[in-house]
Amino acid sequence: MAIKPKKSLGQNFLKDRNIILKIAALANPDLPVIEIGPGTGALTEELLKKFPGLKAIEIDSRAIEVLKEKFPYGEYPDFEIIHSDILKTDISAIYKKDFQVMGNIPYYISSQIFFQLYDATGYLKQAVLMIQKDLAKRLIAPVGRKDYGILTIAMALKGKCTIEFDVSPHCFYPQPKVTSSVIKMVFNPVVNDSDFKSIMRIVRIAFSQRRKVLGNCLKPIINALPDGKEEFIGRLNKVGMDAEKTLRQRAEQLTIDEYILLNKCLNQNIIDNSSR
Ligand code: SAM
């Protein structure tokens, strides 16, 4: 019941039982689970012991055949395998109530999966994911560091991420080239969906030219304000930010709270409302 791993699908199957048990132990016992990329069922098997109503989303039809054989309907009537591309699946529509996500996710689309999870944080409360260690570090990087960026800020706006433990390449078949980490994301958004989108638009522009100061990166948006730079400086001062200093800083020097304020300054309605 083995399949030839496909590199193009990011297939590195877990073979270390101890690691599988440690990942499964991080599940929140009170929330139903969606597993992303069950593959041939290494983690699935453990999850099914605690969550018989598990739903698993897998793209590879060969893996699905293995899963059906391994977990037959007669023994696992509540287990549902969803044959689909995770990036095209509306995960919030699956349970239509609070849930969590678990998975040793395909590395080639990890960042895209993060943003898909962030879109689902109405119902999605927690995610336990195996990802590349370097990517995990970017999710929790301190301000000012090289790996502080778009991923760090998006994560902080949506909740808290912790690195639970690292996993050596030896624990997989085939072995990946790099060390992996198991992370836990607990979602508790600090801004609403519309602010999240507008803050991330600014963050993306700011980080698109990391070496430029913010005054230059944001020039097109600042110039689009009714009185351009002058108005922008006035708004920044109004929310307690040092305007001159901010314009001279680079994207990685601004804290998450400062990006939230920057977004407010670029959105007149919010400024008006908050000053009432
Ligand atoms: N969970 C298994 C394990 O730990 O042994 C497999 C993990 S493997 C790193 C990633 C899995 O995600 C593979 O089974 C792969 O086929 C699946 N996958 C890749 N791209 C996918 C996509 N776009 N949507 C859903 N599943 C995908």
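Overview of the structure. (Residues numbered from 1 in each chain as written. Predicted model: local features only at pLDDT ≥ 70, side-chain atom pairs only at ≥ 80, totals over all residues. Heavy atoms only, no water.)

## So, the pairing of strand E6 (residues 124-132)
Line of reasoning, step 1. For E6, a buried count of seven out of nine residues is recorded, marking the element as mostly surrounded by other parts of the structure.
Line of reasoning, step 2. In this fold, strand E5 (residues 99-104) hands off to helix H5 (residues 110-118), which returns the chain to E6; that crossover is right-handed.
Line of reasoning, step 3. One ladder, built from seven bridges, connects E6 with strand E9 (residues 180-187); its direction is antiparallel. If you follow Met130 over to E9, its bridge partner there is Val182. (Buried < 20%, exposed > 50% of the residue type's maximum accessible area, 1.4 Å probe, protein only. Helix = DSSP H or I, 4+ residues; strand = E, 2+ residues; numbered from the N terminus. Right-handed = clockwise from strand over helix to strand, strands pointing away. Pairing = 2+ DSSP bridges.)

## Here's the deal with the pairing of strand E2 (residues 33-36)
Line of reasoning, step 1. Alternating residues of E2 divide into Val33 and Glu35 and Ile34 and Ile36, and every residue in both groups is buried.
Line of reasoning, step 2. For E2 and E5, the ladder comprises three bridges, and the chain directions are parallel. Pairing of Ile34 across the sheet is with Val101, part of E5.
Line of reasoning, step 3. Handedness of the crossover is the feature at issue here: the chain leaves E2, passes through helix H2 (residues 42-50), returns alongside strand E3 (residues 55-58), and the resulting connection is right-handed.

## Description of empty space enclosed by the protein
Space left empty within the atom packing is revealed by a probe, the size of a water molecule, rolled over the atoms.
Line of reasoning, step 1. Enumeration over the complete set of coordinates arrives at one cavity of 30 Å³ or more.
Line of reasoning, step 2. Approximately 340 Å³ is the volume attributed to the largest cavity.
Line of reasoning, step 3. For the largest cavity, the lining is made up of 26 residues, of which Gly37, Gly39, Glu58, Asn104 and Pro106 are closest to its centre.
Line of reasoning, step 4. Those elements giving two or more residues to the lining of the largest cavity turn out to be strand E1 (13-14), E2, H2, E3 and E5.
Line of reasoning, step 5. Of the residues in the lining of the largest cavity, the class split is 14 nonpolar, nine polar and three charged. (1 Å grid on protein atoms, 1.4 Å probe; cavity = no way out; pocket = protein on both sides within 12 Å on 5 of 7 lines; lining within 4 Å. Points joined across faces, edges and corners; volume = space filled by probe spheres on them. Nonpolar A, V, L, I, M, F, W, Y, C, P; charged D, E, K, R; others polar.)

## Quick notes on the nonpolar core
Line of reasoning, step 1. Membership of the largest hydrophobic core comes to 61 residues, with the highest contact counts inside it found for Leu117, Met185 and Tyr259.
Line of reasoning, step 2. Those residues within four positions of Met185 in sequence are excluded, and the remaining contacts are Phe114, Leu117, Tyr118, Lys125, Gln126, Ala127, Leu129, Leu139, Met155, Lys160 and Cys161.
Line of reasoning, step 3. Counting residues in hydrophobic clusters, the runner-up holds 26 residues, among them Leu54, Met102, Tyr107 and Val167. (Core = buried A, V, L, I, M, F, W, Y, C linked by side-chain atoms within 4.5 Å. Contact = heavy atoms within 4.5 Å.)

## Brief notes about the site of the ligand
Line of reasoning, step 1. Lining the immediate environment of the ligand, one finds 22 residues, of which Gln11, Leu14, Gly37, Glu58 and Asn104 sit closest.
Line of reasoning, step 2. Here a nitrogen atom of the ligand sits 3.3 Å away from a polar atom, N or O, in the main chain of Pro38.
Line of reasoning, step 3. In this structure, Gly39 approaches the ligand through a main-chain N or O atom, which is 3.3 Å from an oxygen atom.
Line of reasoning, step 4. Protein chains shield 99% of the accessible area of the ligand, which is 590 Å² for the free molecule.
Line of reasoning, step 5. Judged by the fraction of its atoms near the pocket grid, the ligand is located in the largest cavity.
Line of reasoning, step 6. Its residues placed into classes, the shell around the ligand shows eleven nonpolar, seven polar and four charged. (Near = heavy atom within 4 Å. Polar contact = N/O pair within 3.5 Å; in protein donor to acceptor, adjacent residues only side chain to side chain. Areas by Shrake-Rupley, 256 points an atom, 1.4 Å probe, with all protein chains shown as cover. Sits in = over half its atoms within 2 Å of the grid points.)

## So, helix H11 (residues 228-238)
Line of reasoning, step 1. If you check which residues of H11 are buried, you get Gly228, Glu231, Phe232, Ile233, Arg235 and Leu236.
Line of reasoning, step 2. Looking one or two places after H11, you find Gly240, whose phi comes out positive at around 85 degrees.

## Description of the environment of Ala243
Line of reasoning, step 1. Within the secondary structure, Ala243 sits in helix H12 (residues 243-248).
Line of reasoning, step 2. Taking the C-alpha atoms as reference, Ala243 lies 47 Å from Leu9; in sequence the two are 234 residues apart.
Line of reasoning, step 3. Ignoring anything within four residues of it in the chain, the contact list for Ala243 reads Ile233, Leu236 and Asn237.

## What about the packing of aromatic side chains?
Line of reasoning, step 1. Overall, the coordinates contain eight aromatic pairs when judged by the stated rule.
Line of reasoning, step 2. With 6.3 Å between their ring centres and 75 degrees between their planes, Tyr118 and Phe187 make a pair best called edge-to-face. Of the two residues, Tyr118 sits in helix H5 while Phe187 sits in strand E9, which places them 69 residues apart along the sequence. Here the two residues Tyr118 and Phe187 agree in accessibility, since each one is buried.
Line of reasoning, step 3. Among the aromatic residues, those joined into a cluster by ring pairs are Phe115, Tyr118, Phe187 and Phe196.
Line of reasoning, step 4. In this arrangement the basic side chain of Arg204 is found over the ring face of Phe115, its NZ or CZ atom lying 5.0 Å from the centre. (Phe/Tyr/Trp six-rings, centres within 6.5 Å; stacked < 30°, edge-to-face > 60°. Lys NZ or Arg CZ within 6 Å of the ring centre and 35° of its normal.)

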